[in-house]
Amino acid sequence: MMCIRGSVLKLLSSVPVALCLAGPQVGVAATIARVHSVLGNFDLELLEDTAPATVDNFLNYVRDGDYVDMFFHRSVPGFVVQGGGFIFDVTQGQPVAVPEDSPIVNEFNVSNTRGTVAMARLSGQPDSATSQWFINLEDNTALDSVDGGFTVFARVLGDGMDVVDAIAALDIFNFGGVFSETPTLNYDGVSDVEKANLAIVSSVEAFPQLTPPFASVLPGSRSVEVGSSATGFASIINSGSTTA
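**Q** An account of the overall build of the chain is needed here, citing residue identities and associated values.
**A** Looking only at helices and strands, the chain features two helices and 13 strands. Per-residue burial over the chain gives 55% buried out of 244 residues. As displayed, the chain offers around 9,300 Å² of accessible surface, 50% of which is attributable to carbon and sulfur atoms.

Given below as structure tokens:
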């Protein structure tokens, strides 16, 4: 599925932030998305001015509830964590693909530096992004020159990268296929994988057109939500990844 050509990345097409007053105190209206993850919440500033179609696409998935019980299926230390492609279905006890909308046009305008959020896409096809996105753990500026650049559409605010770094620090297990670099929690490597073993995002919610600072507007922060158990990956789906 989604990948970046070259030695640095295989972005498989497969959001929430702890509210922090240390975030950018700019007087510009911005849509904020809060990602509720198992390791805490983090907020994203959506870059509507530089990537309007990409932000609209992301918000469509949010409004449709497609990211409810999503999990980060890919983690590459010092590079990216990636999600948006799969949810964990407790009734089936396995991951299922997020329903994909039509691909969107590439809108590269902002560099892939640490804390930015960009779209995953098919190798060699800049206008193929759908539901999957990744968070840059470091300054990955090499991605700016790959097939017209990977579209950055959001930034993690404040100390939200503490939560993202905690996700990136989880043990990684190879379940095969598109789940060959999956971050896990308390997984013994033998038992069936349960929802509680994954870096689950319980929900993503958007707060349109808020002006920082957000402390008096956005509800709550840093809550921890641990998913319920389910039977494990009964039959891991492989949606046909494309590698570099």
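**Q** Can you tell me about the environment of Y67, naming the residues and giving the values?
**A** Counting through the fold element by element, Y67 comes out in the loop between α1 (52–63) and β3 (70–71). A relative accessible area of 3% places Y67 in the buried class. Taking the C-alpha atoms as reference, Y67 lies 7.7 Å from S202; in sequence the two are 135 residues apart. Excluding anything up to four places from it in sequence, Y67 contacts F58, Y61, V62, G84, S131, W133, V201, S203 and V204. A distance of 3.5 Å separates polar atoms of two side chains, one belonging to Y67 and the other to W133.

**Q** I'd like a rundown of the environment of A30, residues and numbers included.
**A** Structurally, the position occupied by A30 is in strand β1 (residues 30–37). Taking the C-alpha atoms as reference points, A30 and F207, separated by 177 residues in sequence, lie 8.7 Å from one another.

**Q** Break down α1 for me, citing the residues and quoting the values.
**A** Structurally, the α-helix is built with 3.6 residues per turn, so residues lying three or four positions apart point the same way. With 12 residues, α1 should cover 16 Å at 1.5 Å per step; its first-to-last C-alpha distance of 16 Å lies within 8% of that length. Of all the residues in α1, the buried ones are T54, V55, N57, F58, L59, Y61 and V62. Where α1 ends, the next residue or the one after it, G65, has phi of about 75°, a positive value.

About the criteria used
- Each chain carries its own residue numbering, running from 1 in the written order of its sequence.
- The model is predicted, so local features are restricted to residues of pLDDT at least 70 and side-chain atom pairs to those at 80 or more, both for listing and for counting; the totals for chains, interfaces and linings are taken over all residues.
- Heavy atoms throughout the structure, all of them, feed into the side-chain values; hydrogens and water do not.
- Strands are runs of DSSP state E lasting at least two residues, helices are runs of H or I lasting at least four, and both sets are numbered from the N terminus onward.
- Think of it in three bands: with a 1.4 Å probe and only protein chains considered, a residue is buried below 20% of the maximum accessible area for its type, exposed above 50%, and partly exposed in between.
- Residue exposure ignores everything except the shown protein chains as possible cover, and the areas themselves are Shrake-Rupley values with a 1.4 Å probe.
- In this description, contact between two residues means that some pair of their heavy atoms is separated by no more than 4.5 Å.
- We call two N or O atoms a polar contact when they sit within 3.5 Å, provided that within protein one can donate a hydrogen and the other can accept it, with sequence-adjacent residues counted only if both atoms are side-chain atoms.
- Here a helix's expected span is defined as the number of its residues, less one, multiplied by 1.5 Å.

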